[in-house]
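# Coordinates in review
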Amino acid sequence: SALLLILAYPNFNLSFLAWVSVIPLFFALENNNAKQRFIKGYLFGVVFFSGILYWLFLNVTLPGGIILVFMLSFAPAIFCSLYLPAKRYPIYAIVYVPSAWVLTEYLRTYLLTGFPWTLLGYSQSFNIPIIQIANITGAYGVSFLIVLVNFGLYLTLRKAPRRFYILFFIFVLVAASLAYGDR
């Protein structure tokens, strides 16, 4: 997941990967307790932030870059520990999971001194039709939409009950966002 997500950001500009990059993380979180999910989320964060903020290691101090990566990795760790098992709650989780992702991004942006870089929505910086919703929702709305699609696809792969209703709901939201962005 972290490697796919790194490729979605500028320098690689494979922004379409963001729409499927979190799916492997959801599979990794299956059948884990909160502590195990926290550890997996923290490792995801270390790999992701090390790969996306590699330039800090070259232009700042090495210890400072390492400390920053370790601090930022708490955000995905918290998200993963808050993760709601999809098997038991697919209908509720479809809104809860993307909301939990956005909450941790928001906390990372404003908690302590804040670090508003590398929000998931930023991966779509060159996807003009989809980022137009940011004038209403901010980058957090784009992040929500990306995690929503990832989670919906994950539920489909897991053959969750009511997956077709969930996919229809997601299709309508993405289509409405694209229609808004294309006007």
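Before any of the text, the structure's been laid out above.
First, a word on scope: everything that follows refers to the structure included in this document.

### Details of the nonpolar core
Among the nonpolar cores identified, the biggest contains 50 residues, and Phe26, Phe48, Phe79, Tyr83, Val97, Leu120 and Phe151 are the most heavily contacted of them. Per element, the largest residue contribution to this core is 9 residues, and it comes from helix α10 (residues 139-157). Excluding anything up to four places from it in sequence, Tyr83 contacts Phe26, Leu29, Arg37, Tyr96, Val97, Phe151 and Tyr154.

### Some words on the side chain of Glu30
Mapping Glu30 onto the fold places it in the loop between α2 (23-29) and α3 (34-52). Here Tyr154 takes part through its side chain, which lies 2.8 Å from a polar atom of the side chain of Glu30. Not counting chain neighbours up to four residues away, the residues in contact with Glu30 comprise Tyr154 and Arg158.

### Description of empty space enclosed by the protein
By the definition in use, this model includes 1 cavity of 30 Å³ or more. Empty space within the largest cavity amounts to approximately 130 Å³. Lining the largest cavity are 15 residues, with Phe49, Pro76, Trp101, Glu105 and Arg108 positioned closest to its centre. Elements supplying a minimum of two residues to the lining of the largest cavity: α3, α6 (74-82) and α7 (90-110). Looking at the lining of the largest cavity, the element that brings in the most residues is α7, giving 4 residues. Its residues placed into classes, the lining of the largest cavity shows 11 nonpolar, 2 polar and 2 charged.

### Overview of the layout of surface pockets
Within this model, the second largest pocket holds a volume of roughly 190 Å³. Lining the second largest pocket are Ile6, Tyr9, Pro10, Asn11, Phe12, Gly51, Ile52, Tyr54, Trp55, Thr118, Tyr122 and Ser125. Within the residue set of the lining of the second largest pocket, elements represented by two or more residues are α3 and α4 (54-59). A per-class count over the lining of the second largest pocket returns 8 nonpolar, 4 polar and no charged.

### Remarks on the environment of Ala34
Among the structural elements, Ala34 can be located in helix α3. Residue Ala34 is classed as partly exposed on the basis of its relative accessible area of 40%. In the structure, Ala34 is positioned 50 residues away from Leu84 in sequence and 9.7 Å away in space, judged by C-alpha atoms.

### Section: α3
Along its 19 residues, α3 runs 26 Å from first to last C-alpha, staying within 8% of the 27 Å computed at 1.5 Å per residue. Of the positions making up α3, those classed as buried are Arg37, Gly41, Tyr42, Phe44, Gly45, Val46, Phe48, Phe49 and Ile52. For α3, the capping residue at the N-terminal end is Asn33, with a side-chain oxygen 3.1 Å from the backbone nitrogen of Lys35.

The rules behind these values
Residues numbered from 1 in each chain as written. Predicted model: local features only at pLDDT ≥ 70, side-chain atom pairs only at ≥ 80, totals over all residues. Heavy atoms only, no water. Core = buried A, V, L, I, M, F, W, Y, C linked by side-chain atoms within 4.5 Å. Buried < 20%, exposed > 50% of the residue type's maximum accessible area, 1.4 Å probe, protein only. Helix = DSSP H or I, 4+ residues; strand = E, 2+ residues; numbered from the N terminus. Contact = heavy atoms within 4.5 Å. Polar contact = N/O pair within 3.5 Å; in protein donor to acceptor, adjacent residues only side chain to side chain. 1 Å grid on protein atoms, 1.4 Å probe; cavity = no way out; pocket = protein on both sides within 12 Å on 5 of 7 lines; lining within 4 Å. Points joined across faces, edges and corners; volume = space filled by probe spheres on them. Nonpolar A, V, L, I, M, F, W, Y, C, P; charged D, E, K, R; others polar. Expected span 1.5 Å × (residues − 1).

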